[in-house]
Amino acid sequence: MQTSTQLELNRVDTLIISVGTRQVGWRSHNGVVRCFGADGDRGHPGHINELYRELGIDRGFYEDNQRYLWSVRDLGQRYWEHCREWLGDDFSAVELLLDDKIIADCVAKGLKQVILWATDQPETVAWNYRRADTLWLAELMKGKIEATWKGVKVDVLHPVVNANNREAIRQELEGFILPLALEGMKGMPADEAEQFVLVIENKGAVPAIAEGLEICAAALVRQCQVINATPIEPQPLYREVADGNSSACTAQIYDFMPVSEYFWPLERLRVISAWERGDFLEAQLWLKAHQSRHKVLYQLAGYLSLSTNWEIAKFLQDKNFETGWLRSKALNGLATGEEINGWRDRLLFLRKDEFAQGWESVFLIELALRRENYTGAFVQFAQTLERLLYLRCQQEDWLSKGWVRIESDRGSDPSFSQLMYGWLTMENYTKSDNFWQLFTAIRVRRNDIIHKAEAVTLGQLRSLWADKGFPVKINSDSGEILKLMMDLLKGVCRSSWKIPNKTLLRSLYDWGLKVLSDESAKS
């Protein structure tokens, strides 16, 4: 698409165009294009008079007092009847002065439906205003669109309301126009529905209609992607041709602006806050309306949310992450080749290494501490510790070596307590050693949390180590606790296990936060 904002869309489902008086032209036999709204005023040529003469009709008046000349409403109807009756449904001479390029590009992206919203004011409105109604121009546009782009459904809507009645316009939008525009979403799977793209072009709208569309569009950004298309009027608007005629020019470029962009300066702060806290579902909720520009982050938030739901294995096995996200063109524009290759290599390694998978969960400990959820952080720490000890037990066959003894009525897997004391026995610690006492305190605290629904504070976590003789720095943040936990987890690992400097989850988390921070700096 040729746009001044260089926004690339993968699809377009519905296009709403508010039809104005200068959006439609007529190509005469001599090649001159005359605009239905150019009436010799404000520097425009007198095309309306010329169009009447081309039909062999003297331009008349709407009222007997010869006050208001026939205009767009009458002229449009006459040319629509001319196309239908005299030309045999041939609308090839109709020119879409503002929207031809927009429609063509949207059709190339899968456009299925065009809604033309035209004005049709009640008889109580004076002819001075009614004569500019665009309902027949919309019919001319419909004929042109359907003939040019086969298979595109075109609906012409012209509710009989005063063009300045904001409340009536709002009711028409909410009650009929927007439900019709979103009809294609019905029955779509959730993952497809959220990709539904509605494009709105309201350059030709009267102020009340343009305002109503913009307000409703803003309300829709949580339901689907809403894009505002603005054709850029050509310069000059008219070019001089033979015999002193002036021919209307067609817009060749336009702006595409996601409506959600208006909210990004505020919502990016909410995304960053949620991301920092590890609340990736909330981050994804705020990013949903910004997928046209931030789809990579939106998808990454979804993947990271699997990890916070303790579905790390599911995330690692997700083929869409490997073949879709990591190979997307959008990611290539944001991340370096070294970063992408590093993530891919780490992913493939994680899939075949049980320890590496287990170690990824240390990322969740840090997230919980960031949220000051000390109970959750401790439970995650204890679970990770048990996982690492279990892997050692399996790989080193602690059962056969007598470091772990399982009673026959307890199944084949050792308990957390048996794993802890098995490691202590293997490492030749006695009950008087501080490590033995620390492990016992961890086991007791974990059982109290689970069995008695007790919470744990930062100070209590610090005391677990300090009371057993371990050096602990006294400070108000959780950094020291994280270090103590990580040191213990590393201490129970086998020497052959490769502990990464940074987990895959943490690397993706840091990268996403950096992109968001860079976006903030640009804004």
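**Examining the nonpolar core**
If you look at the biggest cluster of nonpolar residues, it comprises 48 residues, and the most contacted ones within it are Ile365, Phe378, Phe381, Leu389 and Trp465. When contributions to this core are tallied by element, the ones reaching two or more residues are α16 (354-359), α17 (362-370), α18 (374-396), α20 (416-426), α21 (434-452), α22 (458-466) and α23 (479-491). Ignoring anything within four residues of it in the chain, the contact list for Ile365 reads Ala377, Gln380, Phe381, Thr384, Leu482, Met485 and Leu489. With 47 residues, the next largest nonpolar core counts Tyr68, Val114, Trp149 and Val197 among its residues.

**Some thoughts on the packing of aromatic side chains**
This model, assessed by the stated rule, comprises 27 aromatic pairs. Ring centres 5.2 Å apart and planes at 80 degrees place the aromatic pair Phe435 and Phe470 in the edge-to-face group. One end of the pair, Phe435, is in helix α21; the other, Phe470, is in the loop between α22 and α23, with 35 residues separating them in the sequence. Three or more aromatic residues link up through ring pairs in this structure, and these residues are Tyr303, Phe315, Phe321, Trp325, Trp343 and Trp511. Sitting over the ring of Trp70, Arg78 keeps its end group 4.4 Å from the ring centre. Directly above the ring of Trp127 sits Arg130, whose terminal nitrogen or CZ lies 4.2 Å from the centroid.

**Description of the confidence of the model for the chain**
Any segment with low pLDDT has predicted coordinates that should not be analysed in fine detail. Looking at the chain, pLDDT values average 91 and 95% of them are 70 or higher. When the criterion is pLDDT under 50, residues 1-6 qualifies, and its contacts beyond four places in sequence or with other chains add up to 19 contacts.

**A closer look at the sheet that holds strand β1 (residues 14-18)**
If you trace the 6 strands from one edge of the open sheet to the other, you get β6-β5-β1-β7-β8-β11, paired in mixed fashion. Unpaired on one side and paired on the other, β6 (153-157) and β11 (253-258) mark the two borders of the sheet. Shown here is a sheet whose adjacent strand axes are inclined to one another by a mean of 20 degrees, direction ignored. Bridge count between β1 and strand β5 (residues 113-117): 5 bridges; the pairing is parallel. Among the inter-strand pairings, Ile16 is bridged to a residue of β5, identified as Ile115. Across the sheet, helix α5 (residues 135-148) touches β1, β5 and β6, and the angle it forms with β6 is around 175 degrees.

**A short note on the packing of helix α1 (residues 47-54) against helix α2 (residues 72-86)**
The geometry of α1 relative to α2 is characterised by a closest axis approach of 11 Å and an angle of 35 degrees between their N-to-C directions. Helix-helix and strand crossings are classified by hand; for α1 and α2 the assignment is left-handed. Seen from α1, the contacting residues are Ile48, Leu51, Tyr52 and Glu54; seen from α2, they are Asp74, Leu75, Arg78 and Tyr79. In terms of residue class, the contact of α1 with α2 is built from 5 nonpolar, no polar and 3 charged.

**Quick look at the environment of Asp41**
Looking at the element boundaries, Asp41 is found in the loop between β3 (33-35) and α1. In sequence terms Asp41 and Gln235 are 194 residues apart; their C-alpha atoms lie 18 Å from each other.

**Side note on the pairing of strand β7 (residues 197-201)**
Counted residue by residue, β7 has 5 buried out of 5 residues, so it is predominantly covered. Neither face of β7 is exposed, since Val197, Val199 and Glu201 on one face and Leu198 and Ile200 on the opposite face are all buried. Where β1 meets β7, 4 bridges bridge the pair, whose relative direction is parallel. Its bridge partner being in β7, Thr14 is matched across the sheet by Leu198. Note: β7 against strand β8 (residues 225-232), 4 bridges, orientation parallel. Bridge pairing in β8 places Val199 opposite Ile227. Handedness of the crossover joining β7 and β8 through helix α8 (residues 207-220) is recorded here as right-handed.

Calculation criteria
- Residues numbered from 1 in each chain as written.
- Predicted model: local features only at pLDDT ≥ 70, side-chain atom pairs only at ≥ 80, totals over all residues.
- Heavy atoms only, no water.
- Core = buried A, V, L, I, M, F, W, Y, C linked by side-chain atoms within 4.5 Å.
- Buried < 20%, exposed > 50% of the residue type's maximum accessible area, 1.4 Å probe, protein only.
- Helix = DSSP H or I, 4+ residues; strand = E, 2+ residues; numbered from the N terminus.
- Contact = heavy atoms within 4.5 Å.
- Phe/Tyr/Trp six-rings, centres within 6.5 Å; stacked < 30°, edge-to-face > 60°.
- Lys NZ or Arg CZ within 6 Å of the ring centre and 35° of its normal.
- pLDDT = per-residue confidence, 0-100.
- Pairing = 2+ DSSP bridges.
- Axes fitted to C-alpha atoms, helices over the stretch in contact; angles between N-to-C directions.
- Left-handed = near helix turned anticlockwise from the far one by under 90°.
- Nonpolar A, V, L, I, M, F, W, Y, C, P; charged D, E, K, R; others polar.
- Right-handed = clockwise from strand over helix to strand, strands pointing away.

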